[in-house]
Amino acid sequence: MSAMANQPGDGAGADSRVDPRGDPFLGTRFVAPVRPATFLRRERLVERLDQGLTTPLTLVDGPAGAGKTLLVADWAERLGRPVAWLTAEAADQAPGVFWAYLLQALRAAGTRLSPGIGSPAHAGSVDQTLLARLAADLGDMAAPAILVLDEFERVPALEVAEQLEFVLHHAGRGMRLILVTRSEPLLPLHRYRAAGTVTEIRGAELAFTPAEAAGLLDVHGMRLSEDAVSALVHRTQGWAAGLRLCALAAQRSADPERCLKEFEAGQSTVADYLLAEVLKRQPAETQDLLLRVSVVERFRPALADALTGRTDAEAVLARLHHENAFVEPLGHDWYRLHPLFAEILRAHLRVRHPRSETELHRRAARWLAHGGSLAETLAHGSAAGDWEFTSRALVDDLAIGRLFTALRSDCPAELFARMTPEADGPAASIVRAARALADDDLEHGILHLRRAQQLLSEDTADPVARLSCALLEALVARRTGSPGRAEWAASVARDLQDAVPAERLDRHPELLALLLTHLGSTRLWSGHSDAARAALTEAAGSAGGAATAVPRQDALGHLALLDYLDGWIARAERRAHAALREAERYGVPAHARSGIGRLVLATVAVDRDELDAAQALIDEADAARKGADDPVTAAGRALAASRLLLARGSTQAAVAAAEPHATAVVASPWAEDRTVLVTAAARLAEGDAEAAVKLLEPAMDHRPAWTVEAARARLAAGDVDEAHNILDGLPATVPGGPALTVPVTLVRAEVADRAGDPATARRLVARALADARRDRLRRPFLDAGPWIRPLLAAAPADEPVRDWLDTRPRTPVRRVREDDGELPPVVEEVSPRERDVLRRLALLMSTEEIAADLYVSVNTVKTHLKSIYRKLSVNRRGDAVRRARELRLL
Amino acid sequence: MRYEIRIDGHLSKTLAEAFPELDHVVVCDQTLLYGPVVDEAHLYGLLARVQSLGLRLLEMRRVPE
């Protein structure tokens, strides 16, 4: 097994242009807001930020409107070094989205990250190894990457905080993190404080001093007496937003002095009062626009026009920006409201235009459906409660596959959970069907799908909706083991492919990849191996990076099973590992991972007599199981479990486990074959050769494996001639890999041995050994029986084949190794960072020395060591180094 | 559970509407928001709303039914 993850063959884009929800990255989130002309630089705070570069973490922590963002933005711009910027959003609570954006922010700032880091496939999760790769990459940087996370209070998820802490900790000197937030993040700040590794700039420090307030008023063109400034600072407690609003209100007032006096004397809440003052001095159209755009996160003039129903947004926004009132430009014609002001304006909107919010969300959704991102369209559509429209937007975008690949664990998917029953168009039915199928609710899935198809048959010109239906139809076919239905769905999809906009198909490569995987799975089930391989190979080679990670790993798992069934166990193992690696690399969460890869590995382990490893893999596959299996997975599970039980001698349990737990429209020839074989082998092991013969002989033509088992049964019953006769029915060379051919060779050897032809028997055993060696296929030799022992012992002593066969104490074969020699396989790959530690272990460095050398803490090194010991199944340093050398990890 | 949230300054009618589930009364130089709070999630939601509106929170306490 290789120790390093290989690059996947598809060249999947680590720098793909879309986040795990399939939406293009919002470029505006990587840009620090532009400083307004009236910005006042405060050197004492700039110095504090400079100091912050000496500690891994800087916390800029203060209330809304304290001037945090502009302070850091101004500092970052003048730093003269690249600074990565990310404005957090509520959607970042989904770790996959957060890390995808964080990686993109680093890349946008020119940080050269290795493409091997990958990117999260799923919105809802990120793989720990991805974070470790990122930390290791940052740790190796010559100069630290500086990252600002603005508005981090929007991401209160503990999970994200822990992941951030992990990366920050392990990146060591390679990363400087500046968190800008209204509330304390859930990082273990006490530890940072104790270690002096955090620079904190808190509310009290952010507050304006009277001198600074005078400076701020000055840039607004206002001169006040010292006493008046002091009074203002006292009233606002030095709050930046309060001072700024004061200046704006006074500027627009006929009598600025009096205006400020009134404010000072009053007892109103500061922003509330001042914002109302500034707002009421705006022209009516401007007020209307400001209230309406408060429902959206960011806007362009055209969107603002859509919300107001007028056409003056461009001029109004330009003026507001010029006056530095309320709006902040984000570049490329996008604007946002200052978050504090947006919140207050929404309160004003609700009072002035009650119940208008729904309509505004609807307008925003409709505008965004043409010019914005799908996620935002869906968010506003659902906020408006317009489910037919929202479903339509999803289906029209050809994004239905996202409910299976990305959206499911993401907030926008949750959004369809609120869907009300009155929406009853084809799109709503398609979304309902997809949701039910994604939850393994086959019955309702089919019901909603039929409803959608019925509605669509009345409206024939809708290729996009039909293609979505074809995908769901293929999934239903896979779940019900129904090849006819799968082929029909695939042919419908082929006909429709040219009728839908190519650009949308390109944007959603997961749709066809999923469809091909379902088609391949159904073909595999019904025994059409070549056709299955064609569809699955195409699906496994899908481009699209994270978007198609779910179908890719699923298809790879199926291809592994195909190889296994053809007897190529080493090849099956490689493919199964590729499937697992793909799932890990893109952080595919447990519920979306294909179980087949693990089950194939378990069966391979049984063939190699690595029974504990097989058990562990089956347990893992059982633990990851979600709801009912599809037929292929059920058959894979039955195969792995029954073969393991058989190998352990539990014949009755093996027979019970051999029957797949799935209902299917058509029977699967190979699944039935395997069930009969396990049953016959169990009978034979119990000593009932006759029962085995009865099961096998009537239908053994064209089934070499059955013929072999029947011949063994005849031999067990002492009928050498009949065994010979049966074997004559086989072709001279049986097609397939060693797992199919070696048993044939061995049973021929046994016949020769029993017939008194030891030379032929020896020759055949030698050939079997040679065929099995590369795949380390041990099981047929263990199952062969006592006759084989002298033949193996007689093999030439320098024959290399016996080394691999002879690793187990239980084998009937003569032991060659002198030590206890049992080396469990490496079941998990050693990470690059762990290899770094291993290399230093080999140099006899102490834990402390390794920690210093790798710029990490002693505890981190200890954690790596523990994980290395576990992965290599050793308990000591010396053993770890020796084992690592044996595995060529060093 | 019933809670009482004390805010610094007089809250305008408009902004008080941002807390439709609570009653409010202006006392001295403070505003008192009070009423039933469904659960802890609601409580944290209220705190977040106070913060996002730029209000200065003075006190928050549970009061007898």
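These figures come from a predicted structure and were not determined experimentally. Think of each chain on its own: its residues are numbered from 1, step by step along the sequence as written. Each chain is given a letter, starting from A, and each ligand a number, starting from 1, according to the order in which they appear as written. Only residues with pLDDT of at least 70 get local features here, since the model is predicted, and only at 80 or more are side-chain atom pairs given and counted; chain-wide, interface and lining totals rely on the full set of residues. Water and hydrogen atoms play no part in the side-chain values, which are based on all heavy atoms of the structure.

Our next topic: the overall build of chain A. Helix and strand definitions follow DSSP, with helices as H or I runs of at least four residues and strands as E runs of at least two, each counted in order from the N terminus. Check the secondary structure of chain A and you find 47 helices and 7 strands. Across its three principal axes, chain A shows a C-alpha extent of roughly 120 × 75 × 35 Å. Here's how the labels work: a residue is buried when its accessible area is under 20% of the maximum for its type, exposed when over 50%, partly exposed in between, all with a 1.4 Å probe on protein chains only. Burial status across chain A gives 57% buried among its 890 residues. By definition in these notes, contact holds between two residues if any of their heavy atoms fall within 4.5 Å. Counted over contacts in chain A with a minimum sequence separation of 6, partners at least 24 positions apart contribute 70%.

Looking now at the interface of chain A and chain B. In this complex, chain A contributes 17 residues to the contact, which on the side of chain B involves 18 residues. Two parts placed together each lose some accessible area under a 1.4 Å probe, and the buried area is that loss summed for both. Carbon and sulfur atoms make up 57% of the surface buried where chain A meets chain B, a total of about 1500 Å² over both sides. Area buried by chain A at its contact with chain B is led by Gln 267, Thr 269 and Asp 272 of chain A, which between them contribute 35% of it. Salt bridges are defined as contacts in which a side-chain nitrogen from Lys or Arg sits within 4 Å of a carboxyl oxygen from Asp or Glu. Linking chain A to chain B there are 0 salt bridges. The term polar contact refers here to a pair of N or O atoms within 3.5 Å; inside protein, the definition further demands a hydrogen-donor-capable atom paired with an acceptor-capable atom, and it admits residues adjacent in sequence only when both atoms are side-chain atoms. On inspection of chain A and its partner chain B, the count reaches 4 residue pairs in polar contact (both at pLDDT 80 or more). Within the residue set of the side of chain A that touches chain B, elements represented by two or more residues are helix 12 (270-280) and helix 16 (339-352) of chain A. Ranked by the residues each element gives to the side of chain A that touches chain B, the list is headed by helix 16 of chain A, at 6 residues. Classification convention: Asp, Glu, Lys, Arg as charged; Ala, Val, Leu, Ile, Met, Phe, Trp, Tyr, Cys, Pro as nonpolar; all other residues, Gly among them, as polar. By residue class, the composition of the side of chain A that touches chain B is 7 nonpolar, 7 polar and 3 charged.

Attention now moves to the sheet that holds strand 4 (residues 57-63) of chain B. Residues and elements named next belong to chain B. In short, DSSP must find at least two bridges between two strands for them to pair. Pairing is antiparallel in the open sheet, where 4 strands are placed in the order 2-3-1-4. Two strands in the sheet have a free side with no partner beyond their single neighbour: strand 2 (23-27) and strand 4. Each strand of the sheet is rotated relative to its neighbour by a mean of 20°, with strand direction disregarded. Bridge analysis of strand 1 (residues 2-8) against strand 3 (residues 30-36) gives 7 bridges, and the strand direction is antiparallel. Pairing of Tyr 3 across the sheet is with Gly 35, part of strand 3. Each axis is a line fitted through C-alpha atoms, and for a helix only the stretch in contact is used; angles between axes span 0 to 180 degrees, taken between their N-to-C directions.

Three or four residues apart is the spacing at which side chains of an α-helix point the same way, because the helix has 3.6 residues per turn. Residues and elements named next belong to chain A. Across the 10 residues of helix 19 (residues 387-396), 7 count as buried, placing the element largely inside the fold. Of all the residues in helix 19, the buried ones are Trp 387, Phe 389, Thr 390, Ser 391, Ala 393, Leu 394 and Val 395. The opening residue of helix 19, the one whose side-chain oxygen lies 3.3 Å from the backbone nitrogen of Phe 389, is Asp 386.

Another point: the packing of aromatic side chains. All names here are of chain A. Side-chain rings of Phe, Tyr and Trp, where Trp is taken by its six-membered ring, are said to pair if the distance between their centres is within 6.5 Å; with planes under 30 degrees apart they count as stacked, over 60 as edge-to-face, and otherwise as tilted. Taken as a whole and judged by the stated rule, the model has 9 aromatic pairs over all chains. Pairing Phe 25 with Tyr 101 gives two aromatic rings, centres 4.9 Å apart and planes at 90°, and the pair type is edge-to-face. Of this pair, Phe 25 sits in the segment before helix 1 (43-52) while Tyr 101 sits in helix 3 (residues 95-108), and the two are 76 residues apart along the sequence. This pair shows no difference in class: Phe 25 is buried, exactly as Tyr 101 is. Ring centres 5.5 Å apart and planes at 35° place the aromatic pair Phe 30 and Tyr 101 in the tilted group. Taken together, the positions of Phe 30 in the segment before helix 1 and Tyr 101 in helix 3 put the pair 71 residues apart, joining distant regions of the chain. Tyr 101 matches Phe 30 in its accessibility class, with the two residues each being buried. The structure contains a cluster of three or more aromatic residues connected by ring pairs, namely Phe 25, Phe 30 and Tyr 101. One cation-aromatic arrangement involves Arg 42 over Phe 208; the distance from NZ or CZ to the ring centre is 3.7 Å. In this analysis the charged atom, NZ for Lys or CZ for Arg, is taken to sit over a ring once it is within 6 Å of the ring centre and within 35 degrees of the ring normal.

Domain extents, as shown, originate in an automatic or database domain assignment. Assigned domains of chain A: these are domain 1 (29-206), domain 2 (210-280), domain 3 (284-331 + 344-380), domain 4 (664-805) and domain 5 (832-886). Look at where the C-alpha atoms of domain 3 of chain A and domain 5 of chain A centre, and you get two points 57 Å apart.

Another point: the environment of Ser 253 of chain A. Residue and element names in this part refer to chain A. If you trace the backbone, Ser 253 turns up in the loop between helix 10 (240-251) and helix 11 (256-265). You can call Ser 253 buried: its relative accessible area is 14%. Setting aside residues no more than four positions away along its own chain, Ser 253 makes contact with Cys 259 and Arg 281.

All names here are of chain A. With parallel pairing, the 5 strands of this open sheet are ordered in space as 2-3-4-1-5. With partners counted over all chains shown, the strands left at the sheet margins are strand 2 (83-87) and strand 5 (198-202), one partner each. With strand direction ignored, the average angle separating the axes of adjacent strands in the sheet is 15°. Pairing between strand 1 (residues 57-61) and strand 5: 5 bridges, direction parallel. When the sheet's bridge partners are listed, Leu 57 is paired in strand 5 with Val 198. Strand contacts of helix 3: strand 2 and strand 3 (145-150), with the helix running at about 150° to strand 2, the strand carrying the most contacts. Contacts from helix 5 (residues 158-171) reach strand 1, strand 3 and strand 4 (175-181), with the element oriented near 150° to strand 4.

Our next topic: the packing of helix 19 of chain A against helix 22 (residues 426-438) of chain A. All names here are of chain A. With their axes 8 Å apart at the nearest point, helix 19 and helix 22 run at an angle of 70° to one another. In terms of axis orientation, helix 19 runs roughly perpendicular to helix 22. For the pair formed by helix 19 and helix 22, the contact residues are Glu 388, Ser 391, Arg 392, Leu 394 and Val 395 on the first element and Pro 426, Ala 427, Ala 428, Ile 430 and Val 431 on the second. Looking at the contact of helix 19 with helix 22 residue by residue, the class counts come to 7 nonpolar, 1 polar and 2 charged. Should an angle lie under 35 degrees it is considered roughly parallel, over 145 roughly antiparallel, and from 65 to 115 roughly perpendicular; all remaining angles are considered oblique.

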